[in-house]
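# Examination of the molecular architecture
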Amino acid sequence: MPSAELDGVVIGYEDKGTGPALVLVHGHPFDRTMWQPQIDRFSATHRVVAPDLRGYGASDVVPGVTPLSTFARDLAALLDRLGIEEFVLAGLSMGGQIAMECYRLFPERILGLVLADTFPAAETEEGKAGRNALADRLLAEGAEGMRRYADEVLDRMVAPYNTHAAAPVHRMMCATDPAGAAAALRGRAERPDYRALLTTVSVPALVVVGRDDTYTPVADAEAMHAALPDSTLVVVERAAHLPNLERPEEFDTALAGFLRSLVRPR
């Protein structure tokens, strides 16, 4: 797997296919392989880039606090290194919040925005305390703590009836470095509110959510859809927080239609 050293931090990534660039940003506590069905399908028509965010997968772990802006700047630096100026940007959960931060920092590079199972509001005080407490716990308990955390949240990440997706999701969570996960949790606790930003988005957007997602319910997706000036909302039935893995055919159909809509007539 290729990697790039960006300002002293090694970032692993997948870069497959040719054509218009499609960038896929994973959520927490996963890695680039959560996008494997989409990498396999869309690399036939696009240049698909899927990085491991710092602290995850094959990328370096940088302990402490990782703000969403740091993830976004890593992504911009990686795409600079790959010679990609403009791209469609898709993110799921934390990845969707990173995508919103990317739009805040460099909107001129983004041709289309895909926000899946995510939400734009800043963290509540209760939520901040919860994320920091979880970060403390993961650091204290190490790899065994990641396994216990994975056991606890698996049925919310993947609906219990989607047994085909449970094993790879559990594997990704267990493989995540606790220090990387903790740094992201602390950074995410301090994220800005992106709700006003969404009203200024000047490119087409696709909002996707699993019908049974309890982390980011359908109501959150409907609110984003209403805020975005030019958006399409797709609710994936019989899916929870990871519809791209739970129902890849339905998710890919929605994404393919969105990508086709972005093709400019000659």
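Quick note: structure is the one above.
The structure presented is a predicted model; accordingly, all values stated were derived computationally and were not measured.

A word on the sheet that holds strand β3 (residues 21–25). The 8 strands lie next to each other as β1-β2-β4-β3-β5-β6-β7-β8, forming an open sheet whose pairing is mixed. Two strands in the sheet have a free side with no partner beyond their single neighbour: β1 (3–6) and β8 (231–236). Within the sheet, the average angular offset between the axes of one strand and its neighbour, ignoring direction, is 20°. Relative to strand β7 (residues 205–210), strand β6 (residues 110–116) is paired through 4 bridges, and the arrangement is parallel. Bridging from a neighbouring strand, V114 pairs with L206 of β7. With respect to the sheet, helix α3 (residues 94–105) is in contact with β3, β5 (87–92) and β6, its orientation differing from that of β5 by roughly 140°.

Its 33 residues give helix α4 (residues 125–157) an end-to-end C-alpha distance of only 23 Å, which falls more than 12% under 48 Å, the value for a rise of 1.5 Å per residue. Most pronounced at G142, the bend in α4 amounts to some 125°.

With that settled, consider the pairing of β6. Within β6, 6 of the 7 residues are buried, which leaves the element mostly enclosed by the surrounding structure. One ladder, built from 6 bridges, connects β5 with β6; its direction is parallel. Residue pairing in the sheet places V88 in a bridge with G112 of β6. The handedness of the β5 to β6 crossover, carried by α3, is right-handed.

Note on aromatic pairs: each is described by the distance of the centres and the angle between the planes. According to the stated counting rule, one finds 1 aromatic pair in the structure shown. Sitting over the face of the ring of Y215, R156 holds its NZ or CZ atom 3.8 Å from the ring centroid. For R238, the ring lying beneath its charged end belongs to Y161, and the centroid distance is 4.1 Å.

On to the environment of A90, then. Mapped onto the fold, A90 is located in strand β5. Along the primary structure A90 and R147 are separated by 57 residues, whereas in three dimensions their C-alpha atoms are 28 Å apart. Not counting residues within four places of it along the chain, the set of residues in contact with A90 comprises V23, L24, V25, W35 and V114.

Angle between the axes and distance between the axes: these two values describe a pair of packed helices. Contact geometry for α4 and helix α5 (residues 163–175): axes closest at 9 Å, N-to-C directions at 145°. Our pair here, α4 against α5, has a crossing hand that is right-handed. Side by side, α4 and α5 meet where M146, R147, A150, D151, V153, L154 and M157 of the first sit next to A166, V169, H170, M173 and C174 of the second. Among the residues forming the contact of α4 with α5, the class breakdown is 9 nonpolar, 1 polar and 2 charged.

Conventions and cut-offs
- Residues numbered from 1 in each chain as written.
- Predicted model: local features only at pLDDT ≥ 70, side-chain atom pairs only at ≥ 80, totals over all residues.
- Heavy atoms only, no water.
- Pairing = 2+ DSSP bridges.
- Helix = DSSP H or I, 4+ residues; strand = E, 2+ residues; numbered from the N terminus.
- Axes fitted to C-alpha atoms, helices over the stretch in contact; angles between N-to-C directions.
- Contact = heavy atoms within 4.5 Å.
- Expected span 1.5 Å × (residues − 1).
- Bend = angle between axes of the 7 residues up to and from the residue.
- Buried < 20%, exposed > 50% of the residue type's maximum accessible area, 1.4 Å probe, protein only.
- Right-handed = clockwise from strand over helix to strand, strands pointing away.
- Phe/Tyr/Trp six-rings, centres within 6.5 Å; stacked < 30°, edge-to-face > 60°.
- Lys NZ or Arg CZ within 6 Å of the ring centre and 35° of its normal.
- Left-handed = near helix turned anticlockwise from the far one by under 90°.
- Nonpolar A, V, L, I, M, F, W, Y, C, P; charged D, E, K, R; others polar.

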